[in-house]
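# Topology and contacts: notes
Read off the chains here:
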Amino acid sequence: MRPSLCCVPLFLLLLLQLAFARPLFPLPSKTKNGEKKPIQTFRPYNIAHRGSNGEIPEETAAAYLRAIEEGADFIETDILASKDGALICFHDVTLETTDVAERKEFANRRRTYEVEWFNTTGWFVVDFTLEELKTLKVKQRYSFRDQQYNERTVGIYPEIKDPVFINKHVKWADGKKFEDKFVDTLLKYGYKGQYMSENWLKQPLFIQSFAPSSLVHVSKLIDSPKVFLIDDISVRTQDTNQSYWEITSDDYLAYIGKYVVGLGPWKDTIVPASGNFLMPPSDLVARAHAHNLQVHPYTYRNENQFLHFNFHQDPYAEYDFWIKTVGVDGLFTDFTGTLHRYQELTSPHRKDETANSLLLKISQMISAYEGL
């Protein structure tokens, strides 16, 4: 029998529903005039890279609090595990940023391990218990809890750091993996919900990792949004040993898009530089957006040595280029306050608020005059 034409639209809708395993939402870079929510979802996200670490030592409570004060939307932090399975906020698998090399009692802990395909020598987090780590001169660490600052919601953006290495050297008694413990901690503090859901807006969260298999595993445990981090074009993935070109192909973006809401590439892979001058941008952002994936590049810094000559030592010019020309959806920055000031100055909402406050003042002046 010939099918009825009225069934065709329903059939197409079912196909579309099957094609997209996650809800589709407008990208932050495309909704600049959208409705304001507890977190600033109407503009590219201001992601505090290890806290406000351009001003204060990274991964410290002071750096995180400073970033909140300066207007961060998300606090980014790296998560590792100690020998006894405790999760800590720390960036490097080695303890080079502590005084461990000066401690004679730990001289025999020096090791050589393979980390991300290369042999590395030093003192490693995984060889110390949490109590031993506390004896080192390490700054105070922060908890997973998000913060409220002036009635503004601030989310968290934790990274599953070097999961292959951690799972090899740290074993939990219950047989769980690093990723399992990571998710357990998030759920313990109430983090859950797909991107832009009611639960997510109350406690915003992005989970990030350079290891795609970890993100796939975590997707089975929690429905919170995830971001796939991408390194330099010469660096292969930590777990699957894939090249940059493989993981940025359209086929791979279609695959990973079932599990993540975005990409976090090193910014020089999006817009290459030669002789400290920018070259023409690649099509990575456009192709990611075609797959409904957000793009949150890293890392933006104020220091002249990190600013390409095109920006004439002006970090505001760099933000302007990346937001208006490249069209990214979030930015990892060491200087949260600078990005926040740029976005406030260029925000259409700020212009509306300024006009409204001026009209209110005029109205109050008129009312006061009429009362005389």
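Only a predicted model underlies this, so the values are computations on that prediction, with no experimental measurement involved. (Residues numbered from 1 in each chain as written. Predicted model: local features only at pLDDT ≥ 70, side-chain atom pairs only at ≥ 80, totals over all residues. Heavy atoms only, no water.)

Now for the environment of proline 28. Along the chain, proline 28 falls in the loop between helix H1 (7-19) and strand E1 (45-48). Once the C-alpha coordinates of proline 28 and glycine 330 are considered, the two residues, 302 residues apart in sequence, prove to be 7.7 Å apart. Non-local contacts of proline 28, meaning those with residues more than four positions away in its chain, are made with Thr41, Phe42, Arg43, Pro44, Tyr45, Tyr195, Gln294 and Asp329. (Helix = DSSP H or I, 4+ residues; strand = E, 2+ residues; numbered from the N terminus. Contact = heavy atoms within 4.5 Å.)

Counting residues in each nonpolar core, the largest one holds 41 residues, and the members touching the most others are Ile75, Leu95, Phe165, Ile166, Leu186 and Ile207. Elements with a contribution of two residues or more to this core: helix H2 (61-69), strand E2 (74-81), strand E3 (87-89), strand E4 (111-115), strand E7 (152-160), helix H4 (163-169) and helix H5 (178-188). Setting aside anything within four residues of it in sequence, one finds leucine 95 in contact with Phe90, Val100, Trp123, Phe124, Val125, Phe128, Leu133 and Leu136. By size, the runner-up hydrophobic cluster in this structure holds 29 residues, among which are Ile256, Leu278, Phe321 and Leu331. (Core = buried A, V, L, I, M, F, W, Y, C linked by side-chain atoms within 4.5 Å. Buried < 20%, exposed > 50% of the residue type's maximum accessible area, 1.4 Å probe, protein only.)

This part is about the packing of aromatic side chains. Tallied over the full model, the rule gives 28 aromatic pairs. Both rings, one in tyrosine 300 and one in tyrosine 319, keep their centres 5.9 Å apart while their planes meet at 40°; by these two values the pair is tilted. Placement of the pair is tyrosine 300 in the loop between strand E13 (294-295) and helix H12 (315-326) and tyrosine 319 in helix H12, with a sequence separation of 19 residues. Arginine 301 extends its terminal NZ or CZ atom over the ring of phenylalanine 306, reaching a point 4.8 Å from the ring centre. (Phe/Tyr/Trp six-rings, centres within 6.5 Å; stacked < 30°, edge-to-face > 60°. Lys NZ or Arg CZ within 6 Å of the ring centre and 35° of its normal.)

It is worth spelling out the packing of H12 against helix H13 (residues 336-346) at this point. Contact geometry for H12 and H13: axes closest at 10 Å, N-to-C directions at 65°. Regarding H12 and H13, the two cross each other, and that crossing is right-handed. For the pair H12 and H13, contact is made by Pro315, Tyr316, Tyr319, Asp320, Ile323 and Lys324 and by Thr338, Leu339, Arg341, Tyr342 and Gln343, respectively. Of the residues that constitute the contact of H12 with H13, the class distribution is six nonpolar, two polar and three charged. (Axes fitted to C-alpha atoms, helices over the stretch in contact; angles between N-to-C directions. Left-handed = near helix turned anticlockwise from the far one by under 90°. Nonpolar A, V, L, I, M, F, W, Y, C, P; charged D, E, K, R; others polar.)

Side chains that carry opposite charge are capable of pairing whenever their charged atoms lie near each other. Scanning all chains against the criterion turns up 20 salt bridges. Through salt bridges that share partners, Glu55, Arg66, Glu69 and Glu70 make up one connected network. (Salt bridge = Lys/Arg side-chain N within 4 Å of Asp/Glu carboxyl O.)

Take the environment of leucine 205 next. Summarising the element assignment, leucine 205 is placed in the loop between helix H6 (198-202) and strand E8 (207-209). Accessibility expressed as a relative area gives 1% for leucine 205, which makes it buried. The spacing of leucine 205 and tyrosine 195 is ten residues in sequence and 8.3 Å in space, taken between C-alpha atoms. Setting aside residues no more than four positions away along its own chain, leucine 205 makes contact with Phe74, Ile156, Pro158, Leu186, Tyr191, Trp200, Ser224 and Pro225.

Glancing now at unusual backbone geometry. With an omega of -15°, the peptide bond between tyrosine 298 and threonine 299 qualifies as cis. Of note, threonine 299 is situated in the loop between E13 and H12. With a phi close to 55°, arginine 50 is a non-glycine residue in the positive phi region. Even without a glycine there, the phi angle at tryptophan 117 is positive, about 80°. Note that tryptophan 117 resides in the loop between E4 and strand E5 (118-122).

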